[in-house]
Amino acid sequence: GLCATMLVGRAAFVHSLLAAATITILQPKRPAVALENQGPLGATCVGFGCNDYRGQSFDGMPAADEAPAVAPITNRPIPSAAPGSMPYSDFLQAVKDKRVLGVDLIAPNGDEAYALIVDEGGTGKHCSEYDANAKVVDGACRLRMGTGWPVEA
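Computed from a predicted structure; not experimentally measured.

Assigned secondary structure in the protein chain consists of three helices and seven strands. Listing the helices and strands of the protein chain from first to last along the sequence gives α-β-β-β-β-α-β-β-α-β. Counting the 153 residues in the protein chain, one finds 22% classified as buried. When contacts within the protein chain are restricted to residue pairs at least 6 apart in sequence, long-range pairs at least 24 apart make up 47% of them. For the protein chain, the exposed surface amounts to about 10700 Å²; the carbon and sulfur share of it is 61%.

Next up on the list: the sheet that holds strand β5 (residues 100-106). Ordered by their spatial adjacency, three strands build an open sheet running β5-β6-β7, and the pairing between neighbours is antiparallel. Because the sheet does not close on itself, it has two edges, and the strands there are β5 and β7 (140-144). Strand after strand, the sheet turns through a mean of 20° between neighbouring axes, direction not considered. Pairing between strand β6 (residues 112-118) and β7: five bridges, direction antiparallel. Paired with Y114 across the strands is R144, a residue of β7. Across the sheet, helix α2 (residues 88-96) lies against β5 and β6, angled at about 140° from β5, the strand it touches most.

To continue, consider the pattern of salt bridges. Scanning the entire structure with this criterion turns up two salt bridges. Between R76 and D111 there is a salt bridge; the shortest N-O distance is 2.6 Å. One end of the pair, R76, is in the loop between β3 (69-70) and β4 (77-78); the other, D111, is in the loop between β5 and β6, with 35 residues separating them in the sequence. Classification of R76 by relative accessible area gives partly exposed; the value is 28%. You can call D111 buried: its relative accessible area is 14%. One salt bridge connects R142 with D104, and the closest N-O pair in it is separated by 3.5 Å. Of this pair, R142 sits in strand β7 while D104 sits in strand β5, and the two are 38 residues apart along the sequence. By relative accessible area, D104 is classed as partly exposed at 39%.

This next bit is on the state of the cysteines. All chains considered together, the criterion is met by one disulfide. The disulfide partner of C127 is C141, and the S-S distance across this bridge is 1.9 Å. Here C127 and C141 share a disulfide; its torsion about the S-S bond, -85°, makes the bridge left-handed. Pair noted here: C127 is in helix α3 (residues 127-130) and C141 is in strand β7, with a separation of 14 residues, a long-range link. Owing to a relative accessible area of 1%, C127 belongs among the buried residues under this scheme.

In this model, A107 is joined to P108 through a cis peptide bond whose omega is 10°. Relative to the helices and strands, P108 is located in the loop between β5 and β6. A positive phi angle, near 60°, is found at K98, a position not held by glycine. Position of K98 among the secondary structure elements: in the loop between α2 and β5. Given the relative accessible area of 72%, K98 is considered exposed.

Parameters at a glance
- Residues numbered from 1 in each chain as written.
- Predicted model: local features only at pLDDT ≥ 70, side-chain atom pairs only at ≥ 80, totals over all residues.
- Heavy atoms only, no water.
- Helix = DSSP H or I, 4+ residues; strand = E, 2+ residues; numbered from the N terminus.
- Buried < 20%, exposed > 50% of the residue type's maximum accessible area, 1.4 Å probe, protein only.
- Contact = heavy atoms within 4.5 Å.
- Areas by Shrake-Rupley, 256 points an atom, 1.4 Å probe, with all protein chains shown as cover.
- Pairing = 2+ DSSP bridges.
- Axes fitted to C-alpha atoms, helices over the stretch in contact; angles between N-to-C directions.
- Salt bridge = Lys/Arg side-chain N within 4 Å of Asp/Glu carboxyl O.
- Disulfide = S-S within 2.5 Å.

Okay, here's the thing in structure tokens:
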């Protein structure tokens, strides 16, 4: 009795090893992104789960006059910026100049976003320089975010 049980156990063990090796060999190759995420900030685990910052080379939404992009890793299509939209770099400058009153992120993932921008003050452009049809109400306008806007990749 004991000998037969051990043989069955040993055979099952060998069978499971062969199955695991076959599955590992037959799995599709995953993209090599580790080099992009190396260094002291390669992954952040501060009690809230880990973020590996994959796809750091992605520059966000392409310009209105550029072809749509394909996101790294996920191969998700990223549409070009809408004509008359505000580039992300200009938005960040407006934040520094304290010209941003609010941001509307449109569901499901915020790829479409609008900023309420004060039309006067700071070093940035006026609303009409981005979109000639932008309506200024009480000294502010609503501009769609464009080139470089970080989209869900």
